[in-house]
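# Coordinate inspection notes
Chain by chain, the residues run as shown.
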Amino acid sequence: MSARRPGAPAGYDPSAFEPFAVTVDLAVFTVRGGRLHVLLVERGQDPYLGAWALPGGFVLPRESAGQAARRELAEETGLSERTATALHLEQLRTYSDPDRDPRMRVVSVAYTALVPDLPEPRGGGDAARARWTEFGARGPLAFDHERILVDACDRVGAKLEYTCLATAFCPPEFTLGELRQVYETVWGVELDRPNFRRKVLASPGFVEAVEGPPRLTGGRGKPAALYRAGPATTLHPPLLRPEGRTA
């Protein structure tokens, strides 16, 4: 009989249950050059040696899944511990198919985040390399990471409808055109400019006008007014993506 934890009921036998491992996987997105990118690592160990995958790894005995997610993100990408700790990671869902990992029964807790543009990552831990990869140009991924990635993209797209998350991926002072580009990039749609402007400015606390001269943009039009993120965290009413429109 296996040793019981302090406080465990008398007669409880942990060995009656087949052991399994718990891992974390991270789907981290950013907008670079007007396109959606995802953070991927090249596996430096079997299984799937040389394949691209989401950052992640095993949860250690004395850490939570959230702590493991930040540790693995720092170890496998070379991001500083400070940078990894500051990221807002949202738990996506749990993936528990019995055959998802050829090594043993592994249950994964997946996290996702949409982050401002970060420095170029580098490999570490059991990752040979790390890079930002354009979402639409990715190849096959190891394990069931393609499924996790698609689920995460759907989650992030939905959050843009109901929260003010998009302002985090603009400069501290931004134009409404730059804000619109975040939505178009994540949703993969082309938005009607006047309609988008009207909805943004009608949402209480979404953005605040910046005093001072407007900023010249890359287009031929007149300089555009500048805004900063407002105090709101949710959108009322939501800014829903259009149906049937594509970029």
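Refer to the structure above for everything that follows.
These numbers were taken from a predicted model, which means no experiment stands behind them.

Turning our eyes to something else, we now look at the packing of helix α4 (residues 176–187) against helix α5 (residues 193–202). Their axes nearest at 11 Å, the elements α4 and α5 cross at an angle of 100°. By the angle between their axes, α4 is roughly perpendicular relative to α5. Contact residues: α4 offers L176, L179, R180 and Y183, while α5 offers R193, F196, R197, V200 and L201. Residues of the contact of α4 with α5, tallied by class, amount to 6 nonpolar, no polar and 3 charged.

This brings us to the packing of aromatic side chains. By the definition in use, this model includes 5 aromatic pairs. Aromatic rings pair up to connect Y183, W187 and F196 into one cluster. Taking NZ or CZ as reference, R131 lies 3.9 Å from the ring centre of W52, over its face. Directly above the ring of F135 sits R138, whose terminal nitrogen or CZ lies 4.1 Å from the centroid.

Looking now at the pairing of strand β2 (residues 35–43). Among the 9 residues of β2, 8 are classified as buried, and the element is accordingly described as predominantly covered. Across 4 bridges, strand β1 (residues 21–32) lies against β2 in antiparallel orientation. When the sheet's bridge partners are listed, R32 is paired in β2 with R35. From the end of β1 to the start of β2, which pair antiparallel, there are 2 residues, and G33 there has a positive phi angle of about 60°. In the sheet, β2 pairs with strand β7 (residues 127–134) via 7 bridges, with the strands oriented antiparallel. Considered in β7, the bridge of L40 is made with R131. Here β2 runs beside strand β3 (residues 52–53); their pairing, made up of 2 bridges, is antiparallel. Each residue of the ladder has a partner; that of V41, found in β3, is A53.

For the coordinates displayed, the defined rule picks out 14 salt bridges. Where E63 meets R71, a salt bridge forms, and the shortest distance between an N and an O atom there is 2.6 Å. The exposure classification of E63 matches that of R71, with both residues buried. Here E75 makes a salt bridge to R71, at a shortest N to O gap of 3.3 Å. With a gap of 4 residues between them, E75 and R71 both fall in helix α1 (residues 65–77), about one helical turn apart. One network of salt bridges, with partners in common, ties together E63, R71, E72 and E75.

This part takes up α4. Taking 1.5 Å of rise per residue, 12 residues should cover 16 Å, and α4 covers 16 Å from first to last C-alpha, within 8% of that figure. Here α4 lies mainly inside the structure; 9 of its 12 residues are buried. Where α4 is concerned, the buried positions are L176, L179, R180, V182, Y183, E184, T185, V186 and W187. Count one or two residues on from α4 and you reach G188, which has phi positive near 70°.

Another point: the nonpolar core. F29, L179, Y183 and F206 are the most contacted members of the largest nonpolar core, which totals 39 residues. The set of elements that each furnish at least two residues to this core consists of β1, β2, β5 (90–95), β6 (106–114), α3 (145–162), α4 and α5. Formed by 18 residues, the second largest nonpolar core is a distinct cluster that contains V24, L73, A84 and Y111.

This brings us to the side chain of D144. Along the chain, the position of D144 falls in the loop between β7 and α3. Residue class for D144 comes out buried when judged on its relative accessible area of 15%. Every residue in contact with D144, bar those within four places of it in the chain, is listed here: Y95 and R100.

In the contact formed by α3 and α4, the axes pass within 9 Å of each other and the chain directions differ by 145°. Both α3 and α4 take part in a crossing whose hand is left-handed. Judged by residue contacts, V156, G157, L160 and E161 of α3 engage V182, Y183, V186 and W187 from α4. Across the contact of α3 with α4, the residue classes tally to 6 nonpolar, 1 polar and 1 charged.

Thresholds, definitions, all that
Residues numbered from 1 in each chain as written. Predicted model: local features only at pLDDT ≥ 70, side-chain atom pairs only at ≥ 80, totals over all residues. Heavy atoms only, no water. Axes fitted to C-alpha atoms, helices over the stretch in contact; angles between N-to-C directions. Helix = DSSP H or I, 4+ residues; strand = E, 2+ residues; numbered from the N terminus. Parallel < 35°, antiparallel > 145°, perpendicular 65-115°, else oblique. Contact = heavy atoms within 4.5 Å. Nonpolar A, V, L, I, M, F, W, Y, C, P; charged D, E, K, R; others polar. Phe/Tyr/Trp six-rings, centres within 6.5 Å; stacked < 30°, edge-to-face > 60°. Lys NZ or Arg CZ within 6 Å of the ring centre and 35° of its normal. Buried < 20%, exposed > 50% of the residue type's maximum accessible area, 1.4 Å probe, protein only. Pairing = 2+ DSSP bridges. Salt bridge = Lys/Arg side-chain N within 4 Å of Asp/Glu carboxyl O. Expected span 1.5 Å × (residues − 1). Core = buried A, V, L, I, M, F, W, Y, C linked by side-chain atoms within 4.5 Å. Left-handed = near helix turned anticlockwise from the far one by under 90°.

No statement about biological role is implied by the geometric values presented.
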